[in-house]
Amino acid sequence: MTSDQRDRKAWFPEINTGFNSVFKPGRLSIGLVVPIENYSTTSVPTMADHIERVQLAEELGFSAVWLRDVPFNVPSFGDAGQVFDPFVYLGLLAGATSKISLGIASLILPLRHPAHVAKAAASVDQLSGGRLILGITSGDRPEEYPAMNVPYKDRGEIFRESYEYIRKITAPYPHFENRLGAVSGEVDLLPKPYGQQLPLLITGSSQQAPDWLASNGDGWIKYPRPLTEQKHFIKQLRKNICEEGVPAKPVMEPLYIDVIDDPDCPPQPIHLGFRIGINQLAAYLKSRAAIGINHIALNLRFNKRDVQETLQQIATNILPELKG
C-alpha cells in the first residue's frame, strides 16, 4: 500500500455539511451540550435564553451543539436534559442558526419507531442544509422502557434492527423486512437525507459485538475515561476497522466542566468531567486530540461562573489553538 493510499484510508467519508465540518482526521473540534446553563442544584433546567446562547456559541466559533434524548424525567437519574423533544427543538434551532452543526447525543433507538426517526432526522437535515449529526444508543434508564411497553432486556437487539431499518428506509423505494416492519418497494420515505446518508454515531457499545460496531455506524461517542484507557479503546476500535476493511471513523467525547478563576488549577474530578482552570483545560483537550479524539462536547451544567463569560474565555483561549 502506498503512502497516498494509507492517507486516503485514514480520511473520514464525506456525509453531510455538519459531519464534514465537525470531524476531520488529526484535528479536534469543540462543541457544547444544550442547555448551555448551570442547573447543578436541580434536575430540570430553566431553559432561559436558550436560543440566544446557541446563537452565541455559533458566533464564537463552536462547531456544534448537542441535544439529549430524555423521554421522561426520572428522579433517580437526576437530569431532565433540555426538556424539549430533540427533533422539535432541532427544527427551531435549524431556523435560528446558519452554520453550527446540530447534533443529538444520543437518541434512544429502542423507544422510537425507526421510520419516525428516519423521517424526522432527514427533515432536520434538509431544513438545516445538511447540519444534522445523529448519535444513537440502546439506552441506559430501565424506568423508561415499561412506559413504552418495550422490554429492557431486548434493547440491544431492537437497537440493531432499528439501525438496519433506518439505513435501508432512506434508500429510494426500499424493499426489506424485519420485526419492526416490512417495506415492499411500493412506498418511499420522504424527505431523503441532505447528503449521502444520515450520519449515525454509536454511543458506547449499545449492547453490540465489537465486529458489528466496527462494520456499522459513522463514528462513536465514548464517555470520558483515563487517558491510557481511552487510548486503548480507540486503538482497538481502529484495529477492528482495519480488520473489517471499512473507512476510518471519528470518535467524540462528552465532558462536564466547571472552569474556575485560577487558570492553572489542575483537574479535580466531578461527574464525567473536571473542575479545572482554563490553561489546564486546554492541555486536557490537546492530550485527547493526541490519542485520536476528534470532537469534545463540553457540558456546563456544573459550571459556577457566568455562562457567557466562560464561553468567551474558551473561544478566546482555546478555539484558536485547535484551529491552528
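Residues numbered from 1 in each chain as written. Predicted model: local features only at pLDDT ≥ 70, side-chain atom pairs only at ≥ 80, totals over all residues. Heavy atoms only, no water.

**Remarks on the pairing of strand E9 (residues 251-259)**
For a regular strand, side-chain orientation follows a simple rule: the groups alternate between the two sheet faces. For the record, the criterion: Note on exposure labels: buried denotes an accessible area under 20% of the residue type's maximum, exposed denotes more than 50%, and partly exposed covers the range between, all computed with a 1.4 Å probe on protein chains only. Put simply, DSSP H or I for four residues or longer makes a helix, DSSP E for two residues or longer makes a strand, and each gets a number counted from the N terminus. Paired strands are those between which DSSP finds at least two bridges.
The buried count for E9 comes to nine of nine residues, which makes it a mostly enclosed element. Residues Val251, Glu253, Leu255, Ile257 and Val259 line one face of E9 and the alternating positions Met252, Pro254, Tyr256 and Asp258 line the opposite face, and both faces are buried. Pairing geometry for strand E8 (residues 219-221) and E9, over two bridges, is parallel. Within the sheet, the bridge partner assigned to Trp220 lies in E9 and is Val251.

**With respect to unusual backbone geometry**
Each neighbour pair has its own omega, and for Val34 with Pro35 the value is 10°, a cis peptide bond. Mapped onto the elements of the fold, Pro35 is located in the loop between strand E1 (29-33) and helix H3 (50-60). Going from Leu190 to Pro191, the amide bond is cis rather than trans, its omega being -5°. Mapped onto the secondary structure, Pro191 falls in the loop between strand E6 (181-184) and strand E7 (200-203). The phi angle at Val83 is positive, at roughly 75°, despite the residue not being glycine. Structurally, the position occupied by Val83 is in the loop between strand E2 (64-67) and helix H4 (86-96).

**What to know about the packing of H3 against helix H10 (residues 307-317)**
The following threshold applies: Axis definition: a line fitted to C-alpha atoms, limited for helices to the stretch in contact. Angles are taken between N-to-C directions and run from 0 to 180 degrees. Each angle is binned into one of four classes, with values under 35 degrees roughly parallel, values over 145 roughly antiparallel, values of 65 to 115 roughly perpendicular, and all other values oblique. For any helix crossing, the convention is left-handed if the near helix is rotated counterclockwise from the far helix by under a right angle, and right-handed if that rotation is clockwise. Any two residues whose heavy atoms approach within 4.5 Å are treated as being in contact.
Running from N to C, H3 and H10 cross one another at 15°; their axes reach a closest spacing of 10 Å. With respect to their mutual orientation, H3 and H10 come out roughly parallel. Considering how the two elements wind past one another, H3 and H10 form a crossing that is right-handed. Facing H3, whose interface residues are Arg53, Leu56 and Leu60, H10 presents Val307, Gln308, Leu311, Gln312 and Ala315.

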